[in-house]
Amino acid sequence: MHVHVRGMNLSYKEDVRTATSEAAYGGVTVVVDMPNTVPYINTAERVQERLREFANFSRADYGIYSGVTSDERVDKLPIAGYKVFPEDLEKPELQFVLSSKRLKILHPELPLSTKQFRNLREMWQEIASISLVSGRFHITHITNYEDLIKAKELGFTTDFTPHHLLLEEIKGDCLTKVNPPIRDLTERRKLLKALFEADAVASDHAPHTLQEKMQPYELCPPGIAAVSFTTPFIYSLVKKGVLSLSRAVDLLSKNPAKILGINAGEIKEGNVADFTVIDFEKDWRYHTQYSKVVETPFDEYSLDVSIYMTIVEGKVAYDGYDVYPIRGMNLFENS
């Protein structure tokens, strides 16, 4: 429910075909795309152009978020909702988005966070930002347990990412640079409670070229490409006995679908025929396969399960060997 597909003028980083192929390879049947590509997606014309791009090239079912906007036409289009970035919290057009009944996704940091040195992007800024919003909000990629508690108190849903659990952000190593920053070991250990208490897990797939990631640390762009890592990682925890099978389904399928308001995430009549088949006997070491990103901090991470097959709209999108050019659909078409 949280990917940065890029595409459009950023297709050199990733595009709809490569991102959704990588998703199918990772057992993901639905991707919901963030609006911060170039051009930015927050007008009716750009939303329609973006939906056409997905309709032509997506190999998974999909949805897109709009950015914060004052264009009232956007609210009538088949979008998943709105993404609120830290800098949006100061924009007057936020009031229109807050009045919408659609889902809002908050990147939980203050506008201040984006204007200061990276080592000053502290947890209190993340927690404080949650208090600035109200209504139908989902708090994404939480980095600490206090965030989770605060969001729950205010009635919001939450997700966490594998990288905020597993990785150490090493200064000078741009591969591990993300926003919000990965917290220290103590906070990461506390965040393990999110496996049992958060509503969902999200990849926050954010691809950049290797050349961009090789820039000086202060200049290189933040983000980790992980859409194909998330599902086998969570089911590996099932095989290890850390999570129950039902909890894994809740984190990856049932709860995200409920939060998004789509007919997916459960096997029942009337839902889309999207299925992921997990091989619990085949372990492997992680690597990307179809993404334009060829190096991630998860490379060679040992996973205890693999994706046997991914089925989208009743058609085989990935068979364990190849991804096929099936056509996904916008699951928010009737929203």
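The structure under discussion appears in the preceding block.
Reading guide: rules and limits
Residues numbered from 1 in each chain as written. Predicted model: local features only at pLDDT ≥ 70, side-chain atom pairs only at ≥ 80, totals over all residues. Heavy atoms only, no water. Helix = DSSP H or I, 4+ residues; strand = E, 2+ residues; numbered from the N terminus. Rg over C-alpha atoms; globule rule 2.2 N^0.38 Å. Buried < 20%, exposed > 50% of the residue type's maximum accessible area, 1.4 Å probe, protein only. Contact = heavy atoms within 4.5 Å. Areas by Shrake-Rupley, 256 points an atom, 1.4 Å probe, with all protein chains shown as cover. Lys, Arg positive; Asp, Glu negative; His and termini not counted. Charge placed at Lys NZ, Arg CZ, Asp CG, Glu CD. Salt bridge = Lys/Arg side-chain N within 4 Å of Asp/Glu carboxyl O. Disulfide = S-S within 2.5 Å. Axes fitted to C-alpha atoms, helices over the stretch in contact; angles between N-to-C directions. Parallel < 35°, antiparallel > 145°, perpendicular 65-115°, else oblique. Left-handed = near helix turned anticlockwise from the far one by under 90°. Nonpolar A, V, L, I, M, F, W, Y, C, P; charged D, E, K, R; others polar. Core = buried A, V, L, I, M, F, W, Y, C linked by side-chain atoms within 4.5 Å. Pairing = 2+ DSSP bridges. Arc of directions from axis to C-beta. Polar contact = N/O pair within 3.5 Å; in protein donor to acceptor, adjacent residues only side chain to side chain.

Visitor: Describe the overall build of the chain, and please don't skip the residues or the numbers.
Guide: Counting its secondary structure elements, the chain contains 11 helices and 12 strands. Here the C-alpha radius of gyration of the chain, 18 Å, is about what a compact globule of 335 residues would show, namely 20 Å. Overall, the C-alpha framework of the chain stretches about 50 × 45 × 40 Å when taken along its three principal axes. Evaluated residue by residue, the chain yields a buried proportion of 59% over its 335 residues. Relative to all contacts within the chain whose residues are 6 or more apart in sequence, the contacts with residues 24 or more apart total 66%. In the form shown here, the chain has an accessible surface area of approximately 14,200 Å², with 52% of it arising from carbon and sulfur atoms. Here the chain contributes 39 positively and 47 negatively charged side chains, and the mean placements of these two sets differ by 2 Å.

Visitor: So what about the pattern of salt bridges? Which residues, and what values?
Guide: The final tally for this structure, using the stated rule, is 16 salt bridges. For K91, the salt bridge is made with D88, and the minimal N-O distance between the two is 3.0 Å. Judged by relative accessible area, which is 32%, K91 ranks as partly exposed. Salt-bridge contacts for R118 lead to E169; the nearest nitrogen and oxygen are separated by 2.7 Å.

Visitor: Explain the state of the cysteines to me, using residue names and the numbers behind them.
Guide: Enumeration over the complete set of coordinates arrives at one disulfide. Covalently, C174 is tied to C220 through a disulfide, its sulfur atoms 2.0 Å apart. Between C174 and C220 the sulfur-sulfur dihedral comes to about 110 degrees; the bridge is accordingly right-handed. Placement of C174 in the loop between α6 (162-166) and α7 (185-191) and of C220 in the loop between α9 (210-213) and α10 (230-239) is noted, with a sequence separation of 46 residues between them. A single burial state applies to C174 and to C220, both of which are buried.

Visitor: Please give an account of the packing of helix α1 (residues 16-25) against helix α2 (residues 44-57) that cites residues and values.
Guide: The geometry of α1 relative to α2 is characterised by a closest axis approach of 9 Å and an angle of 55 degrees between their N-to-C directions. Between α1 and α2, the interaxial angle falls into the category oblique. Crossing of α1 over α2 shows right-handed handedness. In this structure, α1 uses V16, R17 and T20 to contact α2, whose residues at the interface are R50, E53, F54 and F57. In terms of residue class, the contact of α1 with α2 is built from three nonpolar, one polar and three charged.

Visitor: Provide a residue-level description of the nonpolar core, including the pertinent values.
Guide: One finds V47, F160 and I234 to be the most contacted residues of the largest nonpolar core, which totals 72 residues. Excluding residues within four positions of it along the chain, F160 makes contact with H141, I142, L165, A194, L195, A198, A200, V201, A202 and L251.

Visitor: Help me get a handle on the sheet that holds strand β2 (residues 61-67), residues and values and all.
Guide: What the seven strands build is an open sheet, ordered β1-β2-β3-β4-β5-β6-β7; its pairing is parallel. Strand pairing shows two members of the sheet lacking a second neighbour, β1 (30-33) and β7 (200-201), which therefore form its edges.

Visitor: An account of the sheet that holds strand β8 (residues 275-279) is needed here, citing residue identities and associated values.
Guide: One open sheet holds the three strands; their spatial order is β8-β11-β12, and the pairing between them is antiparallel. A strand with exactly one partner marks an edge of an open sheet, and here the two such strands are β8 and β12 (315-318). Within this sheet the neighbouring strands show an average axis-to-axis angle of 30 degrees, counted without direction. Of the strand pairs in this sheet, β8 and strand β11 (residues 306-312) are connected by five bridges, and their pairing is antiparallel. Residue pairing across strands places D279 opposite S306, the latter belonging to β11.

Visitor: I'd like to hear about helix α5 (residues 145-153), residue by residue, with values.
Guide: Within α5 the residues assigned to the buried category are Y145, D147, L148 and A151. Down the axis, α5 shows its buried residues gathered within 155 degrees of arc, on one side only. The secondary structure elements touched by the buried residues of α5 are α4 (123-130), β5 (137-139), β6 (157-160), α7 and α8 (194-197). Capping of α5 at its N-terminal end is provided by N144; its side-chain oxygen lies 3.3 Å from the backbone amide nitrogen of E146. Once α5 finishes, G155 follows within two positions and takes phi at roughly 85 degrees, a positive value.

Visitor: Now, about unusual backbone geometry: what can you tell me, with residues and values included?
Guide: In the segment running from V38 into P39, the intervening peptide bond is cis, with an omega of 0 degrees. Of note, P39 is situated in the loop between β1 and α2. Of note in the backbone geometry, M8 takes a positive phi value of approximately 50 degrees without being a glycine. For M8, the position within the fold is in the segment before α1. In this structure, E300 is a non-glycine residue whose phi angle is positive, near 75 degrees. Tracing the chain through its elements places E300 in the loop between β9 (284-285) and β10 (302-303).

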